[in-house]
Amino acid sequence: MPLPLLKRIGLKLSLNDPRWGSGNKDGNKHAQEGKKPGNEGPPDLDQLWRDFNQRLNGLFGQKNRGGGSNGGGSGGSGGEMKGAGATFGAVGAIAALVWLASGAFIVQEGQTGVVTTFGKFSHTTPAGFNWRWPYPFQADETVNVSQVRTVEVGYRSNVKNKQARESLMLTDDENIIDIQFAVQFKLKDPVAWLYNNRDPEDTVRQVAETSIREIVGKSKMDFVLYEGREKVAFETQQLMQQILDRYASGVQVTNVTMQGVQPPEQVQAAFDDAVKASQDRERQKNEGQAYANDVVPKARGEAFRLLQQAEAYRAQVTENASGNADRFKQVLVEYQKAPAVTRDRMYLDTMQQIFASTSKVMVDSKAGSNLLYLPLDKLISQVAATDAAARANATPPPPTAILLPDNPPQMDLNRRDSRSRESSRDRESR
């Protein structure tokens, strides 16, 4: 506070004090010297000011040269001015130190400091203690580059709080779809984030909305609703990164998460019915395919089995025919050598085959032409049981048929009868 002002204030206070003795020379003298005679009045402000300056000078190691011992008014004024100058210098030095100290700032881990000089970008600072020129020369701003930021499109804070202007989109098959999703991003360039965009978060939201509208506009509704949700999110993230890099926004998109993908609420019921019908169609289609997978292999196996049986039957018949033909040729050769013996042998073999399948046999006896009944059925059953037991132990080869020539040689019946009579006579004679 200036010295004349303090003097005026002290004078005013001394005049207003009722206890101050007016016209008292001793009181004035004591007042000028700063001494208080008893309780006659308060001390003079000039003396208080001089005491304050002396104390400051003693604090800073300076000598007070304007003491009351000199008694000179001019010398006292000069000392007071010098003390006031030293005080103002000390106060200025302290203020300068405080001003310089205001330029210090601390940047936390995961953050970056951005320093501007007269409002223009100057440099960035790493994490830790940093210093810049104080105001008004330089200013600093701290940007968190490790924080994962989130921008919501189609809703705010809750999926139920929809933003229809952002969420309703048109697909490639001219259907409307309602999409809510969230975009997570980090900062890769704090300077671009601060100075290249007026509203960075709103820019990211608009870029996200533009990107997903482009992707959905090229896709079918069923693809976006079901199997293509992850692909739509991935393509949206790629397109967003390209646009943000073109804008030099300093943003690195880390993830795009679909919160809700559904048709509009006005047609939700009809769409659910259509989805159920589509699911029923797929279910019936799967059931039909399962039935076909069960029936077709069986039919193919049965057809293959029939083909194999036919091939086996053909091979069997062919081999039997070949064997019969060879046997007939051999019998023919023997027949040409001895016709009677071969004929009897063939007759006996044929009768054996015939009687093997009959249960009763009628025999013409020579004595009285009586019919003789033989219990051949029991004998045949016993033989059949014996044959069955033998077949259980070893399977015999299938019987071969006897093939006779289509045009057998004509035989003289009379000659055959005469030969049979002769043979019977020979037997009787024997």
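Our structure's up above, just so we're on the same page.
Residues numbered from 1 in each chain as written. Predicted model: local features only at pLDDT ≥ 70, side-chain atom pairs only at ≥ 80, totals over all residues. Heavy atoms only, no water.

Please clarify how the pairing of strand S3 (residues 120-125) should be interpreted in this entry.
In this structure, strand S2 (residues 111-117) lies alongside S3, joined through five bridges in antiparallel fashion. Its bridge partner lying in S3, Gly113 is registered against Thr125. Between S2 and S3, which follow one another and run antiparallel, lie two residues, and Phe118 among them has a positive phi close to 55 degrees. (Pairing = 2+ DSSP bridges. Helix = DSSP H or I, 4+ residues; strand = E, 2+ residues; numbered from the N terminus.)

What is the right way to look at the sheet that holds strand S5 (residues 138-144) in this model?
Hydrogen bonds between backbone groups are what pair the strands of a sheet, and the pairing can be parallel or antiparallel. In space, the three strands of this open sheet follow the order S3-S2-S5, with antiparallel pairing throughout. Edge positions in the sheet fall to S3 and S5, since each has one partner strand and no second. Within this sheet the neighbouring strands show an average axis-to-axis angle of 30 degrees, counted without direction. (Axes fitted to C-alpha atoms, helices over the stretch in contact; angles between N-to-C directions.)

In this structure, what is going on with the pattern of salt bridges? I would like to understand it.
Any two side chains of opposite charge can pair, given that their charged atoms come close. Under the definition given, this model contains 16 salt bridges. Its salt-bridge partner being Glu287, residue Arg283 comes within 3.2 Å of it at the nearest N-O pair. Of the two residues, Arg283 and Glu287 both sit in helix H10 (residues 268-337), four residues apart, roughly one turn of that helix. A relative accessible area of 41% places Arg283 in the partly exposed class. A relative accessible area of 46% means that Glu287 is categorised as partly exposed. A salt bridge links Glu302 to Arg305; the nearest nitrogen and oxygen atoms lie 2.0 Å apart. Taken as a pair, Glu302 and Arg305 lie in helix H10 at a separation of three residues, close to a single helical turn. Residue classification places Arg305 among the partly exposed positions, given a relative accessible area of 35%. Because the salt bridges share partners, they merge into one network encompassing Arg156, Arg165 and Glu166. (Salt bridge = Lys/Arg side-chain N within 4 Å of Asp/Glu carboxyl O. Buried < 20%, exposed > 50% of the residue type's maximum accessible area, 1.4 Å probe, protein only.)

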